[in-house]
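Each chain is listed here by its residues.
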Amino acid sequence: MFGAQRIPVDLQCRVCPRVCKIEIDLEDLSRWEQGEMVQYAFADALGKQYLTPAERELLISGLCDLCLQKLFEGPVRVMPLAPKQGSTTNNE
Ligand SMILES: [Zn+2]
């Protein structure tokens, strides 16, 4: 509990064949499965979360960080970097 006995766990992404290794405390995992909020289940004794946001998403949604990125990029148009138009600030 409180991430004191973290062991490496392989989680395979639901979408791609990527396997991600995360270190979690199995007691915390079972607390989460019993309904504890993820941000409280995977926290140390001081209440500080020990999983990265990507690791939490992997647990919750079963998607690896790459697939999550694709998901978020999907419907949302990513603005291309504005091309530099002939700079007029050349002070010679
Ligand atoms: Zn994936």
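Now for a quick tour of the structure. These figures come from a predicted structure and were not determined experimentally.

### Some thoughts on the overall build of the protein chain
Across its full length, the protein chain carries four helices and two strands. Scanning the protein chain from its N terminus toward the C terminus, one meets helices and strands in the order β-β-α-α-α-α. In the protein chain, buried positions account for 10% of the 92 residues. Within the protein chain, contacts between residues separated by at least 24 positions form 41% of all contacts whose residues are at least 6 apart in sequence.

### Details of the pairing of strand 2 (residues 19-25)
Examined bridge by bridge, strand 1 (residues 6-12) and strand 2 share seven bridges and lie antiparallel to one another. Paired with P8 across the strands is E23, a residue of strand 2.

### Observations concerning unusual backbone geometry
Its identity as a non-glycine residue notwithstanding, F2 has a phi of 60°, on the positive side. Tracing the backbone through its elements, the reader meets F2 in the segment before strand 1.

### Here's the deal with the environment of R14
As for its placement among the helices and strands, R14 is situated in the loop between strand 1 and strand 2. Note on R14: 11 C-beta atoms within 10 Å, which makes it exposed. As a C-alpha pair, R14 and C67 span 53 residues in sequence and 9.1 Å in three-dimensional space.

Cut-offs used in this document
Residues numbered from 1 in each chain as written. Predicted model: local features only at pLDDT ≥ 70, side-chain atom pairs only at ≥ 80, totals over all residues. Helix = DSSP H or I, 4+ residues; strand = E, 2+ residues; numbered from the N terminus. Buried ≥ 20, exposed ≤ 12 C-beta atoms within 10 Å, placed from the backbone. Contact = placed C-beta atoms within 7 Å. Pairing = 2+ DSSP bridges.

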